[in-house]
Amino acid sequence: MSTKQRVMVIDDTPANLGLLEDMLVSNGFDVAAFPRGAMALSAAAQQPPDLILLDIMMPEMDGYEVCRRLKTDPSTRNVPVIFISALDATESKLRAFTDGGVDYVTKPLQQEEVLARVRTHLKLREMQREL
């Protein structure tokens, strides 16, 4: 029996959160969606997801800070983080990777691209666990 892979989505824009949640659920993933970084950090520490999709521009705590905190917590350190953002400047992308992200997808989101990247990083994580 295989369990569904759990993807956490963190985005302060309700439309983006809904779009990503619908896309992932309809493709067989278990989804935990959060509009704020602090809420997501708490939930991730209690039940680490298999992968996180993380918006950068959010109030209170931006995605970079959320990622840094995830990477310092032993329970979430190895969870792959894919940044999602309207920011497409090279500096934004480099900062995302420097802060611990494994990938970066720019908005507007293309469903096929998001799903391909999610599946690739979940497969890589699965292979890492097996080693």
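Bear in mind that the values here come from a model prediction, so they are computed numbers and not experimental data. (Residues numbered from 1 in each chain as written. Predicted model: local features only at pLDDT ≥ 70, side-chain atom pairs only at ≥ 80, totals over all residues. Heavy atoms only, no water.)

What to know about unusual backbone geometry
Thinking step 1. Across the junction of Lys 107 and Pro 108, the peptide omega takes the value 0 degrees, indicating a cis bond.
Thinking step 2. Along the chain, Pro 108 turns up in the loop between strand E5 (103–106) and helix H5 (111–130).
Thinking step 3. With a phi angle near 70 degrees, Glu 60 is a residue other than glycine that sits in the positive phi range.
Thinking step 4. By relative accessible area, Glu 60 is classed as exposed at 72%. (Helix = DSSP H or I, 4+ residues; strand = E, 2+ residues; numbered from the N terminus. Buried < 20%, exposed > 50% of the residue type's maximum accessible area, 1.4 Å probe, protein only.)

A short note on the packing of helix H1 (residues 14–25) against H5
Thinking step 1. Viewed as axis vectors pointing N to C, H1 and H5 meet at an angle of 65 degrees, and their least axial separation amounts to 11 Å. Crossing angle aside, the handedness with which H1 passes H5 is right-handed. In this structure, H1 uses Leu 20, Met 23 and Leu 24 to contact H5, whose residues at the interface are Gln 111, Val 114, Leu 115 and Val 118.
Thinking step 2. Of the residues in the contact of H1 with H5, the class split is six nonpolar, one polar and no charged. (Axes fitted to C-alpha atoms, helices over the stretch in contact; angles between N-to-C directions. Left-handed = near helix turned anticlockwise from the far one by under 90°. Contact = heavy atoms within 4.5 Å. Nonpolar A, V, L, I, M, F, W, Y, C, P; charged D, E, K, R; others polar.)

Some details on the pattern of salt bridges
Thinking step 1. Counting across every chain of the model gives eleven salt bridges.
Thinking step 2. Across the pair Arg 68 and Glu 65 runs a salt bridge whose closest N-O atoms are separated by 2.6 Å. Of this pair, Arg 68 and Glu 65 are both found in helix H3 (residues 63–72), three residues apart, which corresponds to roughly one turn of the helix.
Thinking step 3. Residue Arg 68 is classed as partly exposed on the basis of its relative accessible area, which comes to 31%.
Thinking step 4. Exposure remark for Glu 65: the relative accessible area of 22% places this residue in the partly exposed category.
Thinking step 5. Each member of the salt-bridge network shares a partner with another, and the members are Glu 65, Arg 68, Arg 69, Arg 95 and Asp 99. (Salt bridge = Lys/Arg side-chain N within 4 Å of Asp/Glu carboxyl O.)

Here we look at the packing of aromatic side chains
Aromatic ring pairs are reported here in terms of the distance separating the ring centres and the angle at which the planes meet.
Thinking step 1. What the rule picks out here adds up to one aromatic pair.
Thinking step 2. Ring geometry for Tyr 64 versus Phe 83: centroids 5.8 Å apart, planes at 45 degrees, classification tilted. Here the residue Tyr 64 occupies a position in helix H3, and Phe 83 occupies one in strand E4 (residues 81–85), the gap between them amounting to 19 residues. Residues Tyr 64 and Phe 83 agree in their burial class; the two are buried. (Phe/Tyr/Trp six-rings, centres within 6.5 Å; stacked < 30°, edge-to-face > 60°.)

Interpretation in functional terms is not warranted from these geometric data alone.
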